[in-house]
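# Examining the three-dimensional arrangement
Residue-level listing of the chains:
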Amino acid sequence: MNATTARPNATTARRRLPVIGAVAAGAVLLLAGPASAHVSVQPGTAEKGGYSTIAFKVPNEKDNASTVKLEVTLDAKHPLSSVMPQPVPGWEVKVEKSKLDKPLQTHGKTIEEAVTKITWSGGKIEPGQFQQFPLSVGKLPEDVDELVFKALQTYSDDDVVRWIDPSKPGGAEAEHPAPTLKLVAKAAADGKKTDAKDGAKGDGKGDDKAENASAKSDEGNGGSDTTARTLGVVGIVVGAAGVAFGVLAGRRRSAA
């Protein structure tokens, strides 16, 4: 009675497992969806003091409207001497400049105005699609760890999503985070060469290590050879003894 009752319960439990898994997976996707739909900068990092090509990745979050305009405002506290948009098929681009309070000096030239806003319009990002808007930017500042861009995403139903929220303390993500480009220190271009030179210095340490390693290797090989030879001799002796024993045994049987 109890065994019969237990079997249907076990079968029912096994049938419910895929359903529970599907519900859990759906919940994860729902939670991950909004985070992946943010307007963001790709790639998310660039070297300080250099030039880089970045792109604003704009996904369409709506099912019943298209994205028709993107406005990006650059960080006025850290102006860039060079900002050049790459043409995007189907989209018009408008670049706005403002006069700088403090002119920039770059490549022997004085830059008195810099790009402060870029607007892409005239195209469409349909539901379920995304579009990238590339820029060549530089020279990136060396005295800050990030550049924050404020972006406005306009839909065909006149809804405007303002991606302008700063990062929250403790690393918590804002509801509409502003696209942020992290700036990292420039990697040492001659790092590997420096290591190679260090290894080739005339202090003898590198050579001594190499010789010691070679000597140990030779000793190991010599020991292995001696062991192999000893085992070979023993094998021959044992084999000869076996043959002799076999011959004697055969003779005894014949004599019997």
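The sections below set out a description of the structure shown in this document.

Further remarks concern the overall build of the protein. Each helix and strand counted, the protein has three helices and 12 strands in total. Out of the 256 residues belonging to the protein, those deemed buried represent 25%. The contacts in the protein between residues at least 6 apart in sequence include a share of 71% that link residues at least 24 apart. Summed over its atoms, the accessible surface of the protein is roughly 17600 Å², and 56% of this surface lies on carbon and sulfur atoms.

Moving on to the pattern of salt bridges. When charged atoms on two side chains of opposite charge get close, those side chains can pair. In this structure the tally under the stated criterion is seven salt bridges. Across the pair Asp 145 and Lys 48 runs a salt bridge whose closest N-O atoms are separated by 2.8 Å. Linking Asp 145 in the loop between strand 8 (130–138) and strand 9 (146–148) with Lys 48 in the loop between strand 2 (45–47) and strand 3 (52–59), this pair joins segments that are 97 residues apart in sequence. Here Glu 142 makes a salt bridge to Lys 139, at a shortest N to O gap of 3.9 Å. Since its relative accessible area comes to 55%, Glu 142 is described here as exposed. If you follow the salt bridges from partner to partner, you end up with Lys 62, Asp 157 and Asp 159 in one network.

Quick look at the sheet that holds strand 5 (residues 82–85) now. Spatial strand order, 1-3-8-5: four strands in an open sheet with antiparallel pairing. Either end of the sheet is taken by a strand with one partner, and the two such strands are strand 1 (40–42) and strand 5. Taken over all neighbouring pairs, the strand axes of this sheet differ in orientation by 30° on average, direction set aside. Sheet topology places strand 1 next to strand 3; three bridges connect them, and they run antiparallel. Residue pairing for strand 3: Val 41 is matched across the bridge by Phe 56.

Attention now moves to the packing of aromatic side chains. Taken as a whole and assessed by the stated rule, the structure comprises four aromatic pairs. An angle of 55° between the planes, with centres 6.4 Å apart, marks the rings of Phe 56 and Trp 120 as tilted. Taken together, the residues Phe 56 in strand 3 and Trp 120 in strand 7 (residues 109–125) connect sequence positions 64 residues apart. Like Trp 120, Phe 56 is buried. Overall, Phe 56 belongs to the buried group, its relative accessible area being 0%. The structure contains a cluster of three or more aromatic residues connected by ring pairs, namely Phe 56, Trp 91, Trp 120, Phe 133 and Phe 149. If you follow Lys 62 out to its NZ or CZ, it ends over the ring of Tyr 155, 4.9 Å from the centre.

You can see Asp 157 is positioned in the loop between strand 10 (150–155) and strand 11 (160–163). Given a relative accessible area of 38%, Asp 157 falls into the partly exposed group. Distance from Asp 157 to Val 68, taken between C-alpha atoms, is 9.5 Å for residues 89 residues apart in sequence. Those residues in contact with Asp 157 that lie beyond four places of it in its chain are Lys 62 and Ala 65. Separated by 3.1 Å, the side chain of Asp 157 and the backbone nitrogen of Asp 159 make a polar contact.

Parameters and conventions
- Residues numbered from 1 in each chain as written.
- Predicted model: local features only at pLDDT ≥ 70, side-chain atom pairs only at ≥ 80, totals over all residues.
- Heavy atoms only, no water.
- Helix = DSSP H or I, 4+ residues; strand = E, 2+ residues; numbered from the N terminus.
- Buried < 20%, exposed > 50% of the residue type's maximum accessible area, 1.4 Å probe, protein only.
- Contact = heavy atoms within 4.5 Å.
- Areas by Shrake-Rupley, 256 points an atom, 1.4 Å probe, with all protein chains shown as cover.
- Salt bridge = Lys/Arg side-chain N within 4 Å of Asp/Glu carboxyl O.
- Pairing = 2+ DSSP bridges.
- Axes fitted to C-alpha atoms, helices over the stretch in contact; angles between N-to-C directions.
- Phe/Tyr/Trp six-rings, centres within 6.5 Å; stacked < 30°, edge-to-face > 60°.
- Lys NZ or Arg CZ within 6 Å of the ring centre and 35° of its normal.
- Polar contact = N/O pair within 3.5 Å; in protein donor to acceptor, adjacent residues only side chain to side chain.

Just distances and angles here, no functional claims.
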